[in-house]
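# Report on the structure
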Amino acid sequence: MFERVLVCGIYALTPVHAGSGIEINSPVDLPIQREKHTQFPVIQGQTLKGVLRRKYYSEICKNKNNAKERTEAIFGPETDRADEHAGAVSICDARILLFPVRSLKGVFAYVTCPIVLERLRRDFEIARISNEVPSFEFGEDEVIVSSDSELVVDDSVVLEDVVLKANKEDLNDLTGIINKLLPNGTNIKNRVAVLSNDVFKQFVTTSTEIVARIRIDQEKGTVAKGALWYEEYLPADTLLYSLILAGHPRKKVDGINSDEDVVKELSAFDGMVIQIGGNETIGKGFSKLKVM
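Here, residues in each chain are numbered from 1, in the same order as that chain's written sequence. Given that this is a predicted model, residues contribute local features only at a pLDDT of at least 70 and side-chain atom pairs are listed and counted only at 80 or more, while totals for whole chains, interfaces and linings are drawn from all residues. The side-chain quantities take in all heavy atoms of the structure and omit both hydrogens and water.

Helix and strand counts for the protein chain stand at six helices and 15 strands. The globule rule puts the C-alpha radius of gyration for 292 residues at 19 Å, and the 21 Å found for the protein chain is close to it. Counting over 292 residues, the protein chain shows a buried share of 51%. Any pair of residues with heavy atoms lying within 4.5 Å of one another is described as a contacting pair. Of the contacts made within the protein chain by residues no fewer than 6 positions apart, 66% connect residues no fewer than 24 positions apart. Secondary structure elements are defined from DSSP: runs of H or I of at least 4 residues count as helices, runs of E of at least 2 residues count as strands, and each element is numbered from the N terminus. As defined in this context, the radius of gyration uses C-alpha atoms, and a globule is described by 2.2 Å times the residue total to the power 0.38. Buried residues are those whose accessible area, probed at 1.4 Å on protein chains only, stays under 20% of the maximum for their type, while exposed residues exceed 50% and partly exposed ones sit between those limits.

Here it is, written out as structure tokens:
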């Protein structure tokens, strides 16, 4: 039974490759994780849990004598002892909230859509967070932007090669809610754009970063035979969020005896930088957390 819920914002500082493995029918050799029914990018809960577990053990508990016991009390024992007891947290998949798209004016836009905002509204209800995530109605060829948006050119917004009619509205309520999930100092106010669901899906499926990778034959100094492949990345400045459900620890240790203690420990993630997914040694996956 989980008594408390935290909402954790995940802001990509560098491109992120949370991979789904090799997919035969994919045009990319190593694609990112996606939802089956929407094709929206996602970071699976088990991926995120492993990253948070390692970060908790190596940094939050680094000066504590019982670091291993504290880690197992919250996240559960190692896999080979998983039958001993469950952890005190359940970490949900990280869902997309804002996706960066190149803009003719304003450099780039943070785009979202009604389906994404409806999911955010439902997740906030699960977390018992009082909120008023606004809803929008507009045409397929329109985009909702703020009255002082940096993206507008002659009453239009041009994103990649898509031209949309600018519909200016007050987005202060929306940006105020999203700001609670962003690292301190990140300014999105004049660059948020609410697209139709179909246009948003088009961008998150076609505007991710595709990187060619090779392996050099050390003796010849040329590309090794067959060593060319393509990897997909979520671009930097993507914002995702995840729900973290916390309950009473089944194995109590000094300092972690209740769900309040678990929440207190998890709150230490606020403001931390973590690395998610593959290619850590080439600087990929750096993300900054914001815990509500």
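Let us look at the pattern of salt bridges. What makes a salt bridge here is a side-chain nitrogen of Lys or Arg within 4 Å of a carboxyl oxygen of Asp or Glu, nothing more. All told, the structure shown has 15 salt bridges when counted by the stated rule. For the salt bridge of R81 with E72, the shortest nitrogen-to-oxygen distance reads 2.3 Å. Take R81: its relative accessible area is 22%, and that puts it in the partly exposed class. Members of the salt-bridge network, linked through shared partners, are E72, R81, E84 and K251.

Below, the discussion takes up the packing of aromatic side chains. Within a pair of aromatic rings, the relevant descriptors are the distance that separates the centres and the angle that separates the planes. Each pair of aromatic rings taken from Phe, Tyr and Trp, with Trp reduced to its six-membered ring, is defined by centres within 6.5 Å and is described as stacked if the planes are under 30 degrees apart, edge-to-face if over 60, and tilted in the remaining cases. Enumeration according to the criterion identifies three aromatic pairs in this entry. Measuring from ring centre to ring centre gives 5.2 Å for F40 and F200, while their planes differ by 85°; the resulting arrangement is edge-to-face. Of this pair, F40 sits in the loop between strand 1 (2-12) and strand 2 (42-43) while F200 sits in helix 5 (residues 197-206); the two residues are 160 residues apart in sequence, bridging distant segments of the chain. Of the two residues examined, F40 and F200, each falls in the buried class.

This paragraph deals with the nonpolar core. Remark: nonpolar core denotes a set of buried residues (Ala, Val, Leu, Ile, Met, Phe, Trp, Tyr, Cys) joined through side-chain atoms within 4.5 Å. Core analysis: the largest hydrophobic core is formed by 89 residues, its most contacted members being L97, L195, F200, L266 and F269. Among residues more than four places away in sequence, those in contact with F200 are F40, I96, F99, V111, T112, C113, V116 and L195.

Our focus in this paragraph is a nonpolar patch on the surface. Exposure above 30% relative accessible area and the lack of any salt bridge qualify a residue for a patch; like charges then connect within 9 Å, and the nonpolar side chains Val, Leu, Ile, Met, Phe, Trp and Tyr within 5 Å. Using a 1.4 Å probe, accessible areas were evaluated by the Shrake-Rupley method; residue-level cover was limited to the displayed protein chains. Residues I210, I214, I216, V223, L228 and Y230 make up a contiguous nonpolar surface patch of roughly 520 Å² in combined accessible area. Structurally, V223 is set in strand 12 (residues 223-233).

So, about the pairing of strand 5 (residues 108-112). Burial of strand 5 is extensive: five of the five residues sit out of reach of the surface. Side chains F108, Y110 and T112 project from strand 5 onto one buried face, and the interleaved A109 and V111 project onto a second face that is buried too. DSSP bridges decide pairing: two strands pair if at least two such bridges lie between them. Where strand 4 (residues 94-102) and strand 5 come together, four bridges link them in antiparallel fashion. Across the sheet, F99 pairs through a bridge with V111, a residue of strand 5. Hairpin geometry of strand 4 and strand 5 is characterised by an intervening segment of five residues between the two adjacent antiparallel strands and by a positive phi of about 85° at G106. Relative to strand 10 (residues 192-194), strand 5 runs parallel, the two being bridged by three bridges.

Side chains that are three or four residues apart share a direction in an α-helix, a result of its 3.6 residues per turn. Listing the buried residues of helix 6 (residues 259-266) in full gives D259, V262, V263, E265 and L266. End-on, the buried residues of helix 6 take up no more than an arc of 160°, which puts them together on one face. Looking at the packing, one finds that the buried side of helix 6 touches strand 1, helix 1 (45-60), helix 2 (67-75), strand 3 (89-91), strand 13 (239-247) and strand 15 (286-291). Note: the arc covers the axis-to-C-beta directions of the helix.

Scope: geometric values only; no functional claims are made or implied.
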